[in-house]
Every structure is written in C-alpha cells, then in structure tokens.
Amino acid sequence: MKLTLKIWRQENAKATGKMVSYPIDGIEGDMSFLEMLDVLNEELVAKGEDPVEFDHDCREGICGTCSLQINGEPHGPDRLITTCQLHMRKFNDGDTIVIEPFRANAFPVVKDLIVDRSAFDRIQQAGGYVSVNTSGNTIDANSIPVNKHDADDSFAAATCIGCGACVAACKNASAMLFTSAKVSQYALLPQGQVEATDRVMNMVRQMDLEGFGNCTNTGACEIECPKGISLENIARMNREYLSASTKG
Amino acid sequence: MSILESKIPEGPLKDKWTKHKNDINLVNPANKRNIDIIIVGTGLAGGAAAATLAELGYNVKTFCYQDSPRRAHSIAAQGGINASKNYQGDGDSDYRLFYDTVKGGDYRSREANVYRLAEVSGNIIDQCVAQGVPFAREYGGYLDNRSFGGVLVSRTFYAKGQTGQQLLLGAYSAMNRQINRGKIQSFNRHEMMDLVLVDGKARGIIARDMVTGELERHSAHAVVLASGGYGNVFFLSTNAMGSNVMAAWRAHRRGAYFANPCYTQIHPTCIPVTGDHQSKLTLMSESLRNDGRIWVPKKKEDAIAIREGKKKPTELSEEERDYYLERRYPSFGNLVPRDVASRAAKERCDAGFGVNKTGQAVYLDFASAIKRYGKEAAFTSGHKNPSEAEIIKLGKEVVESKYGNLFQMYEKITDQNPYETPMMIYPAVHYTMGGLWVDYNLQTTIPGCYAAGEANFSDHGANRLGASALMQGLADGYFVLPYTIGDYLSKDIRTGKIPTDSPEFEATEKEVKDKIDRLMNAGGKHSVDTYHKKLGKIMWEKCGMARNEQGLREAIEEIKALREDFWKNVKVTGSATAKNAELEKAGRVADFLELGELFAKDALHRNESCGGHFREEYQTEEGEALRDDENFRYVAAWEYKGEPSDAALHKEELIFNNIELKTRSYK
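Residues numbered from 1 in each chain as written. Chains lettered and ligands numbered in written order. Predicted model: local features only at pLDDT ≥ 70, side-chain atom pairs only at ≥ 80, totals over all residues.

Labelled according to an unreviewed UniProt entry, chain B appears under the name succinate dehydrogenase, originating from Zunongwangia atlantica 22II14-10F7. Here is the UniProt Catalytic activity (unreviewed entry) comment for chain B, exactly as written: "a quinone + succinate = fumarate + a quinol". UniProt's Sequence similarities (unreviewed entry) comment on chain B is quoted here verbatim: "Belongs to the FAD-dependent oxidoreductase 2 family. FRD/SDH subfamily." (UniProt positions renumbered as here; feature names shortened; annotations may be inferred.)

As recorded by an unreviewed UniProt entry, chain A carries the name Succinate dehydrogenase/fumarate reductase iron-sulfur subunit and is attributed to Zunongwangia atlantica 22II14-10F7. The annotation that UniProt attaches to chain A under Sequence similarities (unreviewed entry) is "Belongs to the succinate dehydrogenase/fumarate reductase iron-sulfur protein family."

Shown next, in the form of structure tokens:
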C-alpha cells in the first residue's frame, strides 16, 4: 500500500505545531497502525530527521497508553479497539490519513502526538479507591458475597483503560464517561458503599477543576470507547451525585 | 567462590515466615516519617509495595517510565491469580500450591520463599476483594475459580481475561489513596538511569525526566527495584514495548548479583509472527487451554495442504488430527506446564506439521468446548431436544462469556473468527524467571537495595506456572517487603535525610551523563531498532526454546561483536535535553546487549535441561528435559566484573527438605 500521512508535529508543549505530510510506501495489511508509524520513523531516522513521537506500550489494547486521533476519530475508524489494535487492512491503497493528538484543554500536547493525561490520575486520586489498609488483615474474601450481575456490571465499568478517547471524542471534551466508570465500579459493590458520598463529590469536583467540559448526552464517547464503557455509567454517576448532594 | 547468604529462617517450613515476622525489628510510627523509600516500577509488586509502605508511614517516591502508574505491564496479564483458598473443596492447600510451584519450576526455586508465597496467597484474594477488585463470581455471589497448567485443582481467581488489569488498578487505587494523603510522590515519565551507593549502601537513584531530558538526583534510605523482567532482550516478546532491564542491570553493574539469567519462559499460546514488520507478540491466555484443544494434522500432506490454503482445518475429521498433548501427556493433557507445551509445539512444527504460511503454528480448537457447553446450557435451561445449531449457538455464548475479550483480540489481529475456525498459536517469549538475586528478605547483594516481582529470581525456579506471576508480585509488594524492609530500616532511624550533593551522587550523575553523550555522539550509521532486532534474532535462534553448546558459543561472540558495533555506529537522532524516544530506546538496548551475553554464558554453563532452559544435549529418549541434580542443584548468581564474559559465578545451593526431587512427569 502507498499512503499519504498528514501528521501533527510539535516540538514541545510551548512550541507551535503544524501538520506535515509524509508519503509512505510498502505498507502491508497485516501491519498494525503503530507498526506503520514504526516504518515511517525508521525512514525518518535514516534521513537524520526527528522521528514522530507517539505514546504506546503494551500494543495489545490494555495499557491505555496509545491514543491518536485518526481521520478525526479517536483510535481510528474501527470500533472497540485501541490504535495499537488497528490494522492497516482497514485502509486502502492511495489513502490519505490524518493523524493528530487527542485534543482537549485538559490534555496539553507534550510533543508531536503525545499528550499529558495526568488530569485522569488526579481525578482518581480524589477518591477512586476504597479506603482499606493493605495489611492483609481483612476478612475472608467469600464473606462478602456479591450478586453476579452487579459484579459483572462493576467489572464492565472497571475495564476502562483510561486512554482518554471519550474526552477526545466529545465536542465538550467532557471526562464524564471516564469518571463515571470508576464511580460505578464502586457504587455497584458493597465494598464501595461506605465512602460513596464523598467519592462521587470529590471526583466530580476534581474533574471540573481539571477543565473538562460538561456532558450534553451526545453519546460520542460511548461509540468511540475502545472498551465499550456504557453511557449508563454516566446516568449512574448522576444519580449518585444527586443523592450525595442531598445528603449534604 | 563465596557462599550467598540466603538468610532463610530456622525452623519447620510452615513456621518460618511467622517466626521471622516475630523476630525481625520494627520501626516505630514516628520514625517512619523520617525515612524515605524509592520504588522503581509501579506494577503489581511496585504499586503494592508503594501503597503499603506509604500506609505504614514511610515517605515513598515511585518512578515509572509510563505516563501513569496504572499502565505498568502487569496490566496485560490475562488469565488469573492463584491462591490456595480451596473454595472448590478439591483438595487444595498451602502445601499443594507450594508443591506444584516447586515441581512446576523443575526444582530450581528456593523452598522457603515458595512456601511463604503459598502461605500469603489467600490473603491476597481477601485484600483485593476488600479493595473492590471485581473478580468473577458464581450465581450464588461467591468467587469463581478456574484451572491453569501444571496443576490438578481449580485455584485460579480471575476477572474474565483482564485479571492483571483489575489487580493492577486495585494496587493503583491503593497508591492513589496514599498520593492523595501526600505519602507517595509519583514521578511518571521518569526512568531510573543508575543506582547511587553511599558507603556500600543503596542510597538513591539518578533518574531522567523523559519529557525535559533533565537528570535528577533522588535520595532514600532504601531502594526497591520492581522493574519487571527482561524478555525484550529477544526484541519480539509479549512484553510491552517499553519493558526493559535498565534498573536491574544498572544495579547489577553496581554490585547486585544477577541470578539465572537463562531461565526464560516461552509461552505456548501466542499469536504467530506474520512478517518482518512485527513489533511485538500477543499472548492468548493460558486459561484458553482449559477449553481449547491443541492439535496439528496427523498426516504431513494435510499440513502442507493447509499451509498452501488448499484445505481448511475444519475439513479434517477427528481421526485425521493429532491432539499431541493429549497423546503424549494423558494425565495433564492440554494443561501441561508452559515449557512442556511450548517444546511440544516446536517439536511438531520442526517435524513439518505446522499449519500457517511459515509452518510455525499449531491449532487451538474450541469446537468441542462449544458443543459441550452448548449441551449443558440447553439442558439447564430445560431444552430437552436441542438441534445442533441451537447447541452451537448456546455454546458460543458460554465461550464468549468466558473468553470474549481474548477472542475479539485474536480476530482483530488475525482477521479470523475463532468461533468458526481454530485459533493458530505459536510459542513466544513471555516471562523471565531469572532476575536480581535476593535473599529471603528480598534484599539484593547491595545492602538497602531490594528487588520484587519479576525483577527478582526467587520463586519460580526454571519455569513459572500460569497465574503465579500476579500472585508473586502482590505477595512481594503487599505482604513481604513491608515487613522485611522495616528490619533493615530500623538501623536507619537516626541517619536523617540523605543529602544529594555528596560526591557519590555527583560522580554517578556524571557517569550517566557521559553515557548519554556517548550514545548521542556515536557514529550515526544504524538505528537503535536495527541493533535490537539483530540481538533478538541471535537470542531467539541460539538462546530460545532449545539451546546447544555450539549455538551458545556463537551467540556469545555475535552479541559481543554487535555490542561493539552498537557503541561505534548507533544513530540517535534528536537532543538529550528533550523528549527523545530514540535515546530512551538506545539506553535500554545498550543494557540488553550486555545482559544477552550474560544470558548465553549462563545457559552455556548449565549443562542440564530444566524448565524453560532446554539444552539439546541433555534430554531423555522421549525428548523430555534431563535435569542434573547432582551438579546443578544451585542458583547461578553472577557478579559484574566489567565485560559480561568476565562475570564471576557464585552458587547458592538449593536444599530440599520438604519435597522429594523427582523427574517431573505430566504423563
């Protein structure tokens, strides 16, 4: 395959960025999207140019490191996968592919296609945990039975990989899907009940402080989420928030 | 030759850990506030240790190269975590988990460490459930289990195919609680470049801020290395792209012995390589071997026809298939340990029965599981005379609920639907049992420098059983280090803050800087990846699933030559004082080029086959590994002396008082 790549290049957080075109040849369908970028980077290095920096690590869709807005969509055209799982067989010979970083005020660009998603860490730090000591002196695991459906729903929410596609997909750059997934994981389990009120209030406060936008229910986040995190989580978080607010 | 002091406590095996905990020194809460601990790596071992030590009151600094602690590669572990809870009532116990682990490791691990691991395993599950880790449950609300390779009980707890993710997010949440309290400072996108020793003790690290390129000095009273394994020395592995040996190797260069580097786990069920562009390999969880049956065609003609695309696997009848694991190992069948399953796949493929274009793949088939589950589901839902189509539909639903994410992952990568056609799999490098030598307290040969999780060598011997890596990481982090490190730190309560302007920090930082300058200013002929790929090829061909003396001797020479060429001719673009992925890779590959040679040297000296280390010269007539307990029942711990070829061997004899050494048999 012969392709034209239009890639966002930005030297560092302070520099002004721009789109740069790169022709590329010899791309095979079995290559992953990131392997295609590896090929480009090897060519750039050979020419003595700065390779394109992008975040990636596990390359099997679970660490949440890779990002990329590909032709306007987070993680590209396919559904329920991350960029590292996207394969070039989804593209055609002669295509032009536009590659940008995830765009949001709360995700400043670090370099080229790399953004700073530490805002997500700070939201988790505000309350995304159960305050139990890790001493091992807890009760036997089976003394807390959990309804299977609740456990399954909690698990489904907990599979969020924190990649930020929901924010990049949202016209408001809202982090509601991300935040609500964590709130839901605990809201659905007995272990999470004790701190439920503080958790949702603190996490939402931090989310707002980080400069993420509000949710206007467009549902783009759910469609682009590589893990299929459901919008129901946002509804659940709103209920949790409302009930926490009335408790004062 | 010096004797390594393993510091195994006296007394009966089952009392050792309890007694040790009672005997060791504690640090009072007020003093803990004056003690700093550095933890490198935030996976299960590092994350768990950071959370627990911070909760105890120590000041913790964590370092990870990822942009968040949550992305450490523990996250990719799929199948599960072992614990001797015996919730299934199938005869499990601490002793049995201990026994299985020692046997699975081919009698090359340390009894006392393994028993402690088994002993705390149940606690891990309690802890994780209390944290809100959403494990799989049965309809009654209780925890579900499944089976893994090398054992005859169901002791594996799981969260679909994302167990590592859920456990890591649990540890990360515990870390977040401490970050929020100000007890952990987390340095992300930071790489440890070197270990700083003051008066022979580990007292800090030099780290590089990967965004600004700045070198930073961080001091502490103790340093924990929980930086994972070194599988990426093979270039292609199931490890994350960034996984590296830098922290452990730099500690090795400062005096920490490196143990059993040649013990590598080649995992039997990975997606086969498709071409030269391949950047990494993807694992298909061992849990799939619970239900998947592994086979190749019985007749070579069929294998050839399949390779040429003239036949489909589904066209072959039962009689035309060779379920070679079930044939060779009737009692364990498809659930033999990983090393055995990998070698058996290689044997069939080498004999010409491989099934993909390259001839390097075997089938993992779910057709019979789909039927079995379908019948069961039809029966329990009161469906007395289900049609074949209904059975298959119901069966697929059950299989999807168990392995859905793995099947999806497979389909995305290969463009084939594993519900309809058997998966193709082939072994790939997955885990390294070797690592920094540690004593019972997880301390390396450098006082104050500890190693936990995959970074140490202690628990898995020559082969790790499935679902035991998560167990070991969390055991080390939550339950072992917090005790043992206190014993060491109790002598440091009056030391006060370690200054970072000492000559030792100065000198180490300069060495780091010089090394970076050398990389930036080398000849500039070939990219870093060129060298990494060449190294990987040597490692896979000569130090992979089967090794022999001649190949290992060649590997040593070739790696040495490649390393010399690397330092002369590597090309690193960009600047050292900015984000620079090429420079990051170069530093890591430089270390792999040293480790690789030591790896081959270790494999060459071990004139026996055990676990993942298979020397072709040492095998039984049936092609099984032939151990030599008389001459090699020891841990090989290598001391750095400059060039890897000069490394000095130290032996820790392994003593088995509670287990009889036998030839491992899974027949």
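From this point, the discussion proceeds with the structure in view.
This brings us to the overall build of chain B. Helices and strands together make up the secondary structure of chain B, namely 18 helices and 21 strands. For chain B, the C-alpha radius of gyration of 25 Å lies close to 26 Å, the compact-globule estimate for 667 residues. Reported as C-alpha extents along the three principal axes, the dimensions of chain B are approximately 80 × 60 × 50 Å. In chain B, which comprises 667 residues, the proportion classed as buried is 60%. (Helix = DSSP H or I, 4+ residues; strand = E, 2+ residues; numbered from the N terminus. Rg over C-alpha atoms; globule rule 2.2 N^0.38 Å. Buried ≥ 20, exposed ≤ 12 C-beta atoms within 10 Å, placed from the backbone.)

All names here are of chain B. One non-glycine residue with positive phi stands out, namely Asp-199, at about 50°. Here Asp-199 is to be found in the loop between β6 (190-198) and β7 (201-209). A tally of 7 C-beta atoms within 10 Å means that Asp-199 is categorised as exposed. For Ala-467, which is not glycine, the phi dihedral falls at a positive 65°.

Residues and elements named next belong to chain B. Here, the residues flagged by UniProt with the feature "active site" (unreviewed entry) are Arg-338. You can see Arg-338 is positioned in helix α10 (residues 338-353). By the C-beta count within 10 Å, which is 27 here, Arg-338 ends up buried. The residues contacting Arg-338, other than those within four sequence positions of it, are Gly-149, Gln-265, His-267, Pro-268, Glu-286, Asn-463 and Gly-466. (Contact = placed C-beta atoms within 7 Å.)

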